[in-house]
Amino acid sequence: MSQKVLIIGAGGVGGVVTHKCAQVPEVFGDILLASRTEAKCKAIAAQIERPIRTARIDADNVEETTALLRREKPDLVINVALPYQDLPLMDACLAAGIDYLDTANYEPPDTAKFEYKWQWVYHDRFKEAGLMALLGSGFDPGVTNVFTAYAAKHHFDEIHELDIIDCNAGDHGHPFATNFNPEINIREVTARGRFYEAGEWKSTDPLSVSKTYDFPDGIGPKKIYLLYHEELESLVKFFPTLKRARFWMTFSDNYLKHLEVLQNVGMTRIDPVEFEGKEIVPIQFLKALLPDPASLGPRTKGKTCIGCVVKGVKDGKERTYYVYNICDHEACYREVKSQAISYTTGVPAMIGAKMMLTGKWRGEGVFNMEQFDPDPFMEALNQHGLPWQETFL
Ligand code: NDP
């Protein structure tokens, strides 16, 4: 039963995935952690009692990755590098005949735009090769897709409205820092908002739609902003009864103030500019200046609350259901030396891998999370550190 997994990417999320896989030796018998900077893999391995092997890999290089996969023959690749590496890693998995899992959909480096189309076109190739690829097995996307599928399966005859609400009520004490990769985070937040309503996609100016939401578990009221998020695309496809689907995220006034200034002075640009005879991409330079998200762990206090509010009908009556997880930054740090944002992404990546390796979720082709039975995943969330709660509003 125990199998071999190759984790690619030794950032904040990679650290959590490695810790969590190491906690489940009956499934993950052999763990290899590979990334661009092997020293980061070794630093993570040193935190863990079980032996974790490490390697250096440039995941943009399909040949190099294919050679590593052929040599190591893992049962599964867990991609927790950056979204830019999704397609080269899927190509390498196809070439070497290995199953694939990731937590974020592909983004071309020169356009701040993410869509599933680039990865969905791999479906036939994975199917013909008898392989499985699981897309978006983080929290959002990931658990939010499973929450929606669980709501639809157990509490509704038909679901009509979905609001995914992501609240980080944590404080890291820095004037400005992002909780995951700054480049990916800032590209997402500064993009135009987008939501689905009455059969069509509607777009809004960045961060122009907001309201206050009263969060449970002592977090209280916070301002939430409408953003576009990738799971809306697959959820609308797989739950065609949805009439409206939106994604919301909390931001502090302080975060937004800094972001506005950085944007106004051009520091969030993703196109190259010439500086002293050299080309630099401002957002990449900004990333070099900002705190490394992996360094926020010991400083972050407070909780996250991410969940789905689902409206629909059951037995002819309308109802509203809320399912959510509360995660405590300091408790995460005590367990795996990471803050809750990396934790809430890394745990579902491990669980998705466990679902695949134990055969609870199997298929040939490319799949989103909501295409599988949500029940074993929901049970595993409770078992592996992300317990959830549900209520009717
Ligand atoms: P980090 O920037 O902390 O880590 C990324 C890691 O990938 C780094 O170790 C980096 O190497 C490595 N890497 C980058 N390029 C390559 C390459 N070409 N070859 C090999 N390794 C490479 O990011 P996070 O850990 O915060 O995020 C990881 C992923 O998780 C991202 O895709 C992010 O979008 C996703 N995510 C998903 C969420 C969800 O809920 N679904 C939420 C949060 C994040 P180096 O150390 O050398 O730079």
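Fair warning: this is a prediction, and the values are worked out from it, not measured in the lab. (Residues numbered from 1 in each chain as written. Predicted model: local features only at pLDDT ≥ 70, side-chain atom pairs only at ≥ 80, totals over all residues.)

What about the site of the ligand?
- Near the ligand, the surroundings consist of 33 residues, among which Gly11, Val13, Ala59, Gly138 and Phe180 are the closest.
- Listing elements by their share of the shell around the ligand, those giving two or more residues are α1 (12–22) and α13 (340–357).
- Element by element, the count of residues in the shell around the ligand is highest for α1, at three residues.
- Class assignment of the residues belonging to the shell around the ligand gives a composition of 15 nonpolar, 13 polar and five charged.
- Viewed by domain, the shell around the ligand spans two of them, domain 1 (3–139 + 346–371) and domain 2 (143–338), each represented by three or more residues. (Near = placed C-beta within 6 Å. Helix = DSSP H or I, 4+ residues; strand = E, 2+ residues; numbered from the N terminus. Nonpolar A, V, L, I, M, F, W, Y, C, P; charged D, E, K, R; others polar. Domains from an automatic or database assignment.)

Quick notes on the packing of α1 against α13
- Where α1 contacts α13, the two axes come as close as 8 Å, and the packing angle between them is 45°. Relative to α13, α1 is oriented oblique. Here α1 and α13 pass one another in a crossing that is right-handed. Note on element contacts: α13 touches α1 through Ser342, Tyr343, Thr345, Gly346, Val347, Ala349 and Met350, opposite Gly12, Val13, Gly15, Val16, Val17, Lys20 and Cys21.
- Tallied by class, residues from the contact of α1 with α13 come to eight nonpolar, five polar and one charged. (Axes fitted to C-alpha atoms, helices over the stretch in contact; angles between N-to-C directions. Parallel < 35°, antiparallel > 145°, perpendicular 65-115°, else oblique. Left-handed = near helix turned anticlockwise from the far one by under 90°. Contact = placed C-beta atoms within 7 Å.)

A closer look at the packing of helix α7 (residues 143–154) against helix α14 (residues 374–383)
- Where α7 contacts α14, the two axes come as close as 9 Å, and the packing angle between them is 120°. For the element pair α7 / α14, the angle class is oblique. As α7 packs across α14, the resulting crossing turns out to be left-handed. Taken together, the residues of α14 that come into contact with α7 (itself represented by Val143, Val146, Ala149, Tyr150 and Lys153) are Pro374, Phe377, Met378 and Leu381.
- Residue composition of the contact of α7 with α14, grouped by class: eight nonpolar, no polar and one charged.

What to know about the sheet that holds strand β17 (residues 365–368)
- If you walk across this open sheet you meet the seven strands as β3-β2-β1-β4-β5-β6-β17, and the pairing is parallel. The outermost strands of the open sheet, each flanked by one partner alone, are β3 (53–56) and β17. Averaged over all pairs of adjacent strands, the angle between strand axes in this sheet comes to 20°, irrespective of strand direction.
- Bridge count between strand β2 (residues 28–35) and β3: four bridges; the pairing is parallel. Residue Leu32 lies in a different strand from β3, and its bridge partner there is Arg53. (Pairing = 2+ DSSP bridges.)

Quick word on the pairing of strand β7 (residues 158–168)
- Across the 11 residues that make up β7, a large majority, eight, are buried.
- As defined by bridge partners, β7 adjoins strand β15 (residues 303–314) across 10 bridges and the pair is classed as antiparallel. Each bridged residue has a counterpart across the sheet, and for Glu161 the counterpart in β15 is Lys311.
- In this structure, β7 lies alongside strand β12 (residues 244–250), joined through six bridges in parallel fashion. The residue bridging Glu161 from the neighbouring strand is Arg244, located in β12. (Buried ≥ 20, exposed ≤ 12 C-beta atoms within 10 Å, placed from the backbone.)

Let's talk about the domain arrangement of the chain
- For the chain, the assigned domains read domain 1 (3–139 + 346–371) and domain 2 (143–338).
- A separation of 23 Å is found between the C-alpha centroids of domain 1 and domain 2.
- Residue contributions to the side of domain 1 that touches domain 2 peak at five residues, all from α1.
- For the side of domain 1 that touches domain 2, the residue count by class is nine nonpolar, nine polar and four charged.

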